[in-house]
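# What the coordinates show
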Amino acid sequence: MAAAIWASCSSLARVLHLSPLHYSLHRYKSATLLFFSTSSNKPKKLTVYAQTRRALSSKTKGDELATAADLSFEAPLKIVEYPDPILRAKNKRIGTFDANLKKLVDEMFDIMYKTDGIGLSAPQVGMNVQLMVFNAAGERGEGEDIVLVNPRVSRYSRRFIPYDEGCLSFPEIYGDVERPESIKVDAQDINGARFEISLSALPARVFQHEFDHLQGVLFFERMTDEVLDAIREDLVALEKKYEEKTGLPTPESINTRKVKKAAVGFGKS
């Protein structure tokens, strides 16, 4: 997810257009809890609304593990744009935590910052594995670089919030997407250690956008028909760009396929 909050939040507004508030990301050392708050002398944790456990679309057991070939890459990485089929392919679980994975993470952060993003998933750089990186501050050296390997959503709030989202795989295309305000996530870190993390506000939204990518779900599938119609021509333009670049017919067309709305919450419809 490319993003920025404009004006007073530097690059954070180039893609996620939020009100011009200063935000800061903090970590509770005792509970590995991340939350987003307005800047102040004493940052306040945002309210976490009632959460309820839901059935998830994917399971840890039975997922195919990535091979060495799946994790092989060449630097510098490049952003994969819609409608490249890589964005729809199944993403494998990572089982090897080594120097190569750390290098991949470094390269993902590098291209994320260079393209003014605040989040990036592995399939967006041509790697069909379950890996995402993000930093809600949107600036190298500010905020906190977050790495999530093999993430799963265990809970999410009942309160849904709309925001004008953008995506590095959909350059200069924006539209309102409604998502849960807060979530709880199970994942592994860069060394393979398992942990839980709770996210609210912008970090929660960034995670959900990237998690959708790991499920092969694209953000326009969570838009209303009205919002989708407003960006339809832009999607068609990307489809034509793909055909001109590859010499192949577009693997999907927004005008000929019936768009299935992604289920409310998480997972494919």
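The numbering scheme is per chain: residues are counted from 1 as the chain's sequence reads. Only residues with pLDDT of at least 70 get local features here, since the model is predicted, and only at 80 or more are side-chain atom pairs given and counted; chain-wide, interface and lining totals rely on the full set of residues. Calculation of side-chain values draws on the structure's entire complement of heavy atoms; hydrogens and water are dropped beforehand.

### Quick look at the overall build of the protein chain
Within the protein chain one finds 3 helices and 10 strands. Only runs of H or I of at least four residues qualify as helices and only runs of E of at least two qualify as strands under DSSP, and these elements are numbered from the N terminus. The helix and strand sequence of the protein chain, counted from the amino end, reads β-β-β-α-β-β-β-β-β-β-β-α-α. Note on exposure labels: buried denotes an accessible area under 20% of the residue type's maximum, exposed denotes more than 50%, and partly exposed covers the range between, all computed with a 1.4 Å probe on protein chains only. Across the 269 residues that make up the protein chain, the buried fraction comes to 51%. Taking the intrachain contacts of the protein chain between residues at least 6 apart in sequence as the baseline, contacts between residues at least 24 apart amount to 65%. Whether two residues are in contact is decided by their heavy atoms: any pair within 4.5 Å suffices.

### With respect to helix α1 (residues 99–114)
A helix is expected to span 1.5 Å for every residue after the first. Over its 16 residues, α1 runs 23 Å from end to end, which matches the ideal 22 Å to within 8%, given 1.5 Å per residue. Those residues of α1 not exposed but buried are Leu 101, Leu 104, Val 105, Glu 107, Met 108, Phe 109, Ile 111, Met 112 and Tyr 113. Sitting at the head of α1, Asp 98 places a side-chain oxygen 3.2 Å from the backbone nitrogen of Asn 100. Of the residues trailing α1, Asp 116 is marked for its positive phi of about 60°. Polar contacts, as counted here, are pairs of nitrogen or oxygen atoms within 3.5 Å of one another; within protein the pair requires one atom able to donate a hydrogen and one able to accept it, and residues that are adjacent in sequence qualify only if both atoms are side-chain atoms.

### Some thoughts on the nonpolar core
Residues enter a nonpolar core if they are buried and are Ala, Val, Leu, Ile, Met, Phe, Trp, Tyr or Cys, with the set joined through side-chain atoms within 4.5 Å. Ranked by size, the top nonpolar core spans 24 residues in total, and within it Leu 104, Met 108, Leu 120, Val 129, Leu 131, Val 133 and Val 147 carry the most contacts. Among the secondary structure elements, those contributing two or more residues to this core are α1, β5 (131–134) and β6 (146–157). If you tally residues by element for this core, the top one is α1, at 8 residues. Setting aside anything within four residues of it in sequence, one finds Leu 104 in contact with Leu 71, Phe 73, Leu 77, Met 127 and Leu 131. Grouped together as the second largest cluster of nonpolar side chains are 19 residues, Ala 187, Leu 199, Ala 204 and Phe 211 included.

### Brief notes about the pairing of β5
Burial of β5 is two-sided: the residues Leu 131 and Val 133 facing one way and the residues Met 132 and Phe 134 facing the other way are all buried. Only strands that DSSP links by at least two bridges are regarded as paired with each other. Sheet topology places strand β4 (residues 119–121) next to β5; 3 bridges connect them, and they run antiparallel. Counted as the bridge partner of Gly 119 is Phe 134 from β5.

### Here we look at the pattern of salt bridges
We define a salt bridge as a contact between a side-chain nitrogen of Lys or Arg and a carboxyl oxygen of Asp or Glu at a distance within 4 Å. Applying the stated criterion across every chain, the model contains 15 salt bridges. In this structure, the salt-bridge partner of Glu 221 is Arg 88, at a minimum N-O distance of 2.7 Å. Of this pair, Glu 221 sits in the loop between α2 (201–214) and α3 (225–246) while Arg 88 sits in the loop between β3 (51–53) and α1; the two residues are 133 residues apart in sequence, bridging distant segments of the chain. By relative accessible area, which is 8% here, Glu 221 ends up buried. Judged by relative accessible area, which is 23%, Arg 88 ranks as partly exposed. A salt bridge links Glu 165 to Arg 179; its shortest N-O distance comes to 2.7 Å.

### Examining the confidence of the model for the protein chain
The predictor's confidence in any single residue is recorded as pLDDT, a number from 0 to 100. Summarising the model, the protein chain shows a mean pLDDT of 80, and 72% of its residues fall at 70 or more. A low-confidence stretch, residues 2–59 stays under pLDDT 50, and its non-local contacts, those more than four residues away or across chains, total 162 contacts.

### Description of unusual backbone geometry
Here the bond from Ala 75 into Pro 76 is cis, since omega is 0°, no more than 30 degrees from zero. As for its position among the elements, Pro 76 is in the loop between β3 and α1. The omega torsion of the bond from Tyr 82 to Pro 83 falls at 5°, within 30 degrees of zero and hence cis. Residue placement: Pro 83 occurs in the loop between β3 and α1. The phi angle at Glu 172 is positive, at roughly 60°, despite the residue not being glycine. If you trace the backbone, Glu 172 turns up in strand β8 (residues 170–180). Judged by its relative accessible area of 64%, Glu 172 is exposed. One non-glycine residue, Ala 201, lies in the positive phi region at around 55°. Looking at the element boundaries, Ala 201 is found in helix α2.

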